[in-house]
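Here is what each chain is made of, one letter per residue.
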Amino acid sequence: MHNETRAGLAFLHRVFRQRQGWYWGAWGLLALTWIAGIALLALSGWFITATALAGAGLLATLDLYVPSGGIRTAAISRTLARYFERLVSHEAVLRSLADLRGRSFRGLAALPMERIRAYRSGDLQTRLTGDIDTLDAMPLRVAGPMIAAALSLTTTLIIALWLAPWPAAAVLAGSGVATLAVSLLLALAGQRRSHALVQARVRERVGLFDYIGGLAELLAYDRAREHEASLRRENADYAGRQRAQEAFSVASEQIVQGLVGASALLMLVLALGWYRDGILTAPVAVLLPLMTLGLGEVLGSLPGAWWRAGESLEAAGRVQHLETTATQARPPAELLDPLPRDAALALHARGLTIGFRRERPLLGPLDIAPARGRPLVISGASGRGKSTLLDTLAGELPPLTGTVSLGEAKLNAIATDGRYRHISYLPQGLQLPDTTLRAILNPSQTALNDAALWEALERVDLAASVRGTDEGLDYRIGEGGSYLSGGQRRRLALAAVVLQDRPVVLLDEPFTGLDTATQQRVIERLQPWLQDRQCILVTHAPEQLPASWPHLDLAMPLARN
Amino acid sequence: MTEPATTDTHATGERASPGQWLHTRQQPHRRWLVLSAASTLVATLATIALAGLVAWAVHGTLFAADAPYLPGILLGGLVLLALRYSAQALRDLAGHRLAFAVKQQLRADLLRQARHTGPTRLAGQTTAGAWAEQFQTRVDDLTGYYARYLPARQAVILTPLAILVAALWLDWLAALLLLLAAPLIPAFMAIVGMGAEQIHRRQQEEENRLAGHFLDRIRTLDWLRRARAIAATEAEVVERSHQQRRLTMRTLRVAFLSSAIMEFFSAVAIGMVAIYIGFALFGAIDYGPAGDITLFTGLFILLLAPEYFLPLRQFAQSYHDRAGALAAAQTLAPALASPSDPMDPAEASAPADEDAAAPWLQLEGVTVHYPGQRTPALADLDLAVHAGAHLALTGPSGSGKSTLLAVCAGFLPPATGTIRRHPMARHFAWIDQDAHLFHGSLRENLQLARRDTIPDAEMASALQQAGLPLEAPELPDGLDTAIGEAQHGLSGGQAQRVAVARALLSGHRLWLLDEPTSALDPDTEQALLDTLFQLADVRGLTLVIASHHAAIHQRCPQRLELAPATPEAHHA
């Protein structure tokens, strides 16, 4: 637990340190806002009392203009400090959010494929967007108030020590310590179940997905009412616990305010006593309790700060977990970079069995070594593991036994990016980013010119349809490529593969959704490009591919070729 | 738990403004608002008494002949403090209770509404993800409105008013001074309201767009990685965030001005009041009521001035809660307002014929309209499905195959016409193009078919018959294999087989299938159809299949060809 907290704090420190100038600015301005507020109240009390005494002839001389100038300065600097504090803190947070998004994207991208897929979609959504937003509470609503409160409290302590006997400072310090302790205790008590609450929320989301997604089945089998009632029950339970937590937060807020009020009262009684004993002047005796009262705004922010600290730390733990798993999962960086591109880096598999569990291999053992320019066609009934085979050959799934190698190097010893320098893989379930055709065809924004992009589109018989749009290469394909038909999507991906220009090409059902004539045209135009590449192509309709290409039918008894 | 009444939300839902809708939803629970108003009043009165006590203590100590008894003041002050802060806690808790009650009822309504709307119409309105988002996040967006904004709105009227009245009673001069500051309050409220909502909405949209972009790139990580576009995409993600930052800051610089003006007025008001009182006490000014001011008045006003402006500041802070709630109401109100004819197969049908030879399903003159569409999805259709029939509903897309099947299932009530159901057709099995696998084990998914506990052996045999034997490599843990959202290891065809096994276990003999093979490749399709029709023969099932696949048409002796809707006939 303590280690986790420390690790979470260290992570937050790393993230927010990048923008520390902005944060210190925001914290300083917050402290200034608060101190100006306290000064405004305390000085006003002092001024009124002093003028009353002077008016009654009990005070010989009084300079009216310096203190009233001080009051005006406090009022105006409070306003300005507040305005700029809000601007600076938002600027800081938005900058950190950009950092965090980049960071967590990098972290996610470094996770191995199967790990990402294991994240349930709903969970991932909550995790990333929610957690990243929760994190920014740390510098602004936790660290900021604590630091600014410490600064404000110190200022009042110094003033109290300077003006009055030590018990005045003791009251101030005591109220600071008491509020800190009370709010911390209450936050801890309230937060104990917050982890469970987050979990319950994720579970509820799964239940809701099932209710809506499976509504037809639930209605058909007459289970909808039951499912509905159980969702309602769960929600009532969740909401009840949430309410208990809210009660804790309400209580801590009011208790802290009450404590500050009580301290101010105590200070008033003490100060009036000192005045009677002739230790203090009357204006100072009024200034002290009002200064204490002014701390209400400052100390009142502490319960919220503790409260959010817990949430932020948990979120930090989750986001950080993402980063650490990513770094751990990274294979030893044995990059292929130094190897020249046209070196004899042939893909070959030996004694390969594939599947998800050692006890239940899907397929194998197999030896595969396709020759350049002679695409290997693999067919077989669904469920025989065609797609799993390609995943394994692309290095995205470890083989159960045997090896897949690229030249001399074992595939799973090569860093992901290095692997994709040599292998193009077009899998069956394809999700294209919502961006322009140009960005999809030329994702790394290298020196490909438009002519090259058009040529690739021509090869997959898509150029005519793209010319038909107003935007041309700047056409956006929509979320999940929804502005394109299924066949267009696959051909676009194929064109991107062509432009990737890598020596090994793995294609899973590249021609689904194409009519026979288009398919023939595309194959014809691709053939010259395939000439100097190794290609493996999985299909359910091998008869539509050139008969000259070697063919491996997984439905046949497996022979080691 | 009884089903909560939907009250009059249906009547007002679609036409009412979001603000009215929020108001309607709080009506049944207004007692919490009464409680919060009462607590606000008590807290304010305690505050006033406290300020009076303190001012009197100081004044008395400085000027009175017999000085006040200090421990008594401390004790009295503590009692007032306790009263004030417990009343405030009560007010906050009442607000939370109100939010809780409204949200509970809303969620119950949403759940029931989904069931009443049925899968067919629901699919036309929303996705499961969007619906879940609505249920969880949008409903939670209302919390601030009920828990903070409404109580703050009460306080912004009640507290200054109470302070004025009490001050008038104690010291007319103090009341006059405070009253002079009062006209600022409506002006402040106008400033707060100005554009806050629009700014909030614009910013929200911008944030959603950014979050959407980020999620899209995460979902397509596989592609980006294979395209070696990770670094470029990371830069894009960061750049988009900075773009949004620049845009947001531009609006915020203006938006914060309005609250700065408010801060300025409340700070300056305190300062000015103090300076005025000071100069008056000193005798430096003699206009206005200055001559009558005492130290008691001065301190009393000084202590109450912050309290006088505090509700206003809290109101301003909670104003964005209102904006968020209005935005949420805009999406929630329509979700609850769409027509909701109770959707229950057993109830929605006309009395059935008990005659054994009667058709299982008989539709006469059935017409179905989708809201907002000019042409009916089905027009004046007659259909009889007899026991043991294998009926294919065919036709081009948009001709109403799935609509007709949904009518047969009772998911969609016809606008006109009657449906007669044979007692044997009251219950049916349903398989659509992507079988929904519920989160959980395979066993839990199969158990859904019936209420009584299904023995493992029966499940195994159903799976065997459905062509997914337990020995399949995709089911490493047998019946305990976790399936569900992620569909670990199960292909589309295998998921359909789980649905077939589930249908078998239900024991129902009418099977309604909506495009059961359209997500499958041709080989898998043939294999699944072999299984399906073999089972139909052995078990004597009645099949109604909506599909445009020739492979299905070939196997069905009966076919109903639906013509596409003809919009021409309706255009004048």
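Residues numbered from 1 in each chain as written. Chains lettered and ligands numbered in written order. Predicted model: local features only at pLDDT ≥ 70, side-chain atom pairs only at ≥ 80, totals over all residues.

(A) Just the overall build of chain A, in detail. When you go through chain A residue by residue, the secondary structure sums to 19 helices and nine strands. The C-alpha radius of gyration computed for chain A amounts to 35 Å, which surpasses the reference 24 Å derived for 561 residues by more than 25%, pointing to a less compact arrangement than a globule. If you line up chain A on its principal axes, its C-alpha atoms span 115 × 55 × 45 Å. The buried share of chain A, reckoned over its 561 residues, is 49%. The contacts in chain A between residues at least 6 apart in sequence include a share of 80% that link residues at least 24 apart. (Helix = DSSP H or I, 4+ residues; strand = E, 2+ residues; numbered from the N terminus. Rg over C-alpha atoms; globule rule 2.2 N^0.38 Å. Buried ≥ 20, exposed ≤ 12 C-beta atoms within 10 Å, placed from the backbone. Contact = placed C-beta atoms within 7 Å.)

(B) Geometry of the overall build of chain B. Along the backbone of chain B there are 19 helices and ten strands. Taking all 572 residues of chain B together, 47% fall into the buried category. Of the contacts formed within chain B by residues at least 6 apart in sequence, a portion of 82% connects residues at least 24 apart.

(C) Summary view of the domain arrangement of chain B. As far as domains go, chain B holds domain 1 (9–337) and domain 2 (345–570). When the residues that make up the side of domain 1 of chain B that touches domain 2 of chain B are grouped by side-chain class, the tally is one nonpolar, three polar and one charged. (Domains from an automatic or database assignment. Nonpolar A, V, L, I, M, F, W, Y, C, P; charged D, E, K, R; others polar.)

(D) Quick look at the confidence of the model for chain A. Looking at chain A, pLDDT values average 83 and 90% of them are 70 or higher. Ignoring residues within four places in sequence, the model shows residues 332–336 of chain A, a span with pLDDT below 50, making twelve contacts including any to other chains. (pLDDT = per-residue confidence, 0-100.)

(E) Region of interest: the pairing of strand β3 (residues 376–379) of chain A. Residues and elements named next belong to chain A. Pairing of β3 with strand β8 (residues 534–538) involves three bridges; the strand directions are parallel. Bridging from a neighbouring strand, Ile378 pairs with Val538 of β8. Bridge analysis of β3 against strand β9 (residues 551–553) gives three bridges, and the strand direction is parallel. Residue pairing for β9: Ile378 is matched across the bridge by Leu552. (Pairing = 2+ DSSP bridges.)

(F) Local environment of the interface of chain B and chain A. Listed per partner, the contact involves 112 residues of chain B and 114 residues of chain A. Among the elements that take part in the side of chain B that touches chain A, helix α11 (residues 230–282) of chain B stands out by supplying 27 residues, more than any other. Here the residues of the side of chain B that touches chain A sort into 68 nonpolar, 24 polar and 20 charged.

(G) Looking closely at the nonpolar core. The biggest cluster of nonpolar side chains holds 330 residues, and the ones touching the most others in it are Ala495 and Leu506 of chain A together with Leu304 of chain B. Per element, the largest residue contribution to this core is 24 residues, and it comes from helix α2 (residues 20–55) of chain A. (Core = buried A, V, L, I, M, F, W, Y, C linked by C-beta atoms within 7 Å.)

(H) Just the sheet that holds β8 of chain A, in detail. Residue and element names in this part refer to chain A. Read across the open sheet, the five strands follow the order β6-β7-β8-β3-β9; overall the sheet is parallel. For this open sheet the edge positions go to β6 (423–426) and β9, each flanked by a neighbour on one side alone. Here the average twist between neighbouring strands, direction ignored, is 15°. As paired strands, strand β7 (residues 504–508) and β8 are joined by five bridges and run parallel to one another. Its bridge partner being in β8, Leu506 is matched across the sheet by Ile536. Across the sheet, helix α18 (residues 486–500) lies against β6 and β7, angled at about 180° from β6, the strand it touches most. (Axes fitted to C-alpha atoms, helices over the stretch in contact; angles between N-to-C directions.)

(I) Structural detail: the packing of helix α16 (residues 456–465) of chain B against helix α17 (residues 492–506) of chain B. Residues and elements named next belong to chain B. At their nearest, the axes of α16 and α17 sit 8 Å apart, and the two run at 125° to each other. Here α17 runs oblique to α16, going by the angle between their axes. Both α16 and α17 take part in a crossing whose hand is right-handed. On the side of α16, the interface is formed by Glu458, Met459, Ala462, Leu463 and Gln465, while α17 contributes Ala501, Leu504 and Leu505. Class assignment for the residues of the contact of α16 with α17 results in six nonpolar, one polar and one charged. (Parallel < 35°, antiparallel > 145°, perpendicular 65-115°, else oblique. Left-handed = near helix turned anticlockwise from the far one by under 90°.)

(J) Broad picture of the domain arrangement of chain A. Segmentation of chain A into domains returns domain 1 (2–329) and domain 2 (347–553). Of note, the centres of domain 1 of chain A and domain 2 of chain A, computed from C-alpha atoms alone, are 53 Å apart.

(K) Seen up close, helix α14 (residues 401–409) of chain B. Most of α14 of chain B sits out of view: nine of its nine residues are buried. Looking at α14 of chain B, one finds that the buried residues are Lys401, Ser402, Thr403, Leu404, Leu405, Ala406, Val407, Cys408 and Ala409 of chain B.

(L) Structural view of the sheet that holds strand β5 (residues 429–431) of chain B. Residues and elements named next belong to chain B. With parallel pairing, the five strands of this open sheet are ordered in space as β5-β8-β9-β3-β10. If you trace the sheet from one side to the other, it starts and ends with β5 and β10 (558–561), each paired once. Each strand of the sheet is rotated relative to its neighbour by a mean of 15°, with strand direction disregarded. Relative to strand β9 (residues 542–546), strand β3 (residues 390–394) runs parallel, the two being bridged by four bridges.

(M) Layout of the environment of Arg533 of chain A. All names here are of chain A. Note that Arg533 resides in the loop between α19 (516–530) and β8. Sequence-wise, Arg533 and Gly373 are 160 residues apart; in three dimensions their C-alpha atoms are separated by 5.5 Å. Ignoring anything within four residues of it in the chain, the contact list for Arg533 reads Arg372, Pro503, Val504 and Val505.

(N) Focus on the environment of Thr403 of chain B. Residue and element names in this part refer to chain B. Relative to the helices and strands, Thr403 is located in helix α14. C-alpha of Thr403 to C-alpha of Val368: the two residues are 35 residues apart in sequence and 8.0 Å apart in space. Residue contacts for Thr403: discarding those within four places in its chain leaves Val368, Ala377, Leu378 and Leu412.

(O) Representation of the packing of α11 of chain B against helix α12 (residues 295–337) of chain B. Residue and element names in this part refer to chain B. Interhelical geometry of α11 versus α12 gives an angle of 175° and a closest axis separation of 10 Å. Judged by the inter-axis angle, α11 sits roughly antiparallel to α12. Two secondary-structure elements touch here, α11 through Ser259, Met262, Ser266, Ala269, Ile270, Val273, Ala274, Ile277 and Leu281 and α12 through Leu295, Gly298, Ile301, Leu302, Ala305, Pro306, Phe309, Arg313 and Ala316. Its residues placed into classes, the contact of α11 with α12 shows 14 nonpolar, three polar and one charged.

(P) Geometry of unusual backbone geometry. Residues and elements named next belong to chain B. Not every positive phi belongs to a glycine, and Asp380 is a case in point at roughly 45°. Within the secondary structure layout, Asp380 lies in strand β2 (residues 378–385). The phi dihedral of Glu515 is positive, around 45°, even though this residue is not glycine. Among the structural elements, Glu515 can be located in the loop between β8 (510–514) and α18 (522–539). A residue is classified by how many C-beta atoms lie within 10 Å of it, and Glu515, with 20 of them, is buried.

(Q) Representation of the confidence of the model for chain B within the structure. Residues and elements named next belong to chain B. Averaged over every residue, the pLDDT of chain B is 81; residues scoring 70 or more account for 86%. The secondary structure element of chain B with the lowest average pLDDT is helix α1 (residues 9–13), at 41, and the one with the highest is helix α3 (residues 31–63), at 94. Within the model, the stretch residues 1–14 combines pLDDT values under 50 with 21 contacts to residues more than four positions away or in other chains. Residue range residues 567–572 is modelled with pLDDT below 50. Its contacts to residues more than four positions away, or to other chains, number four contacts. The ipTM value of the predicted complex is 0.81, and its pTM value is 0.77.

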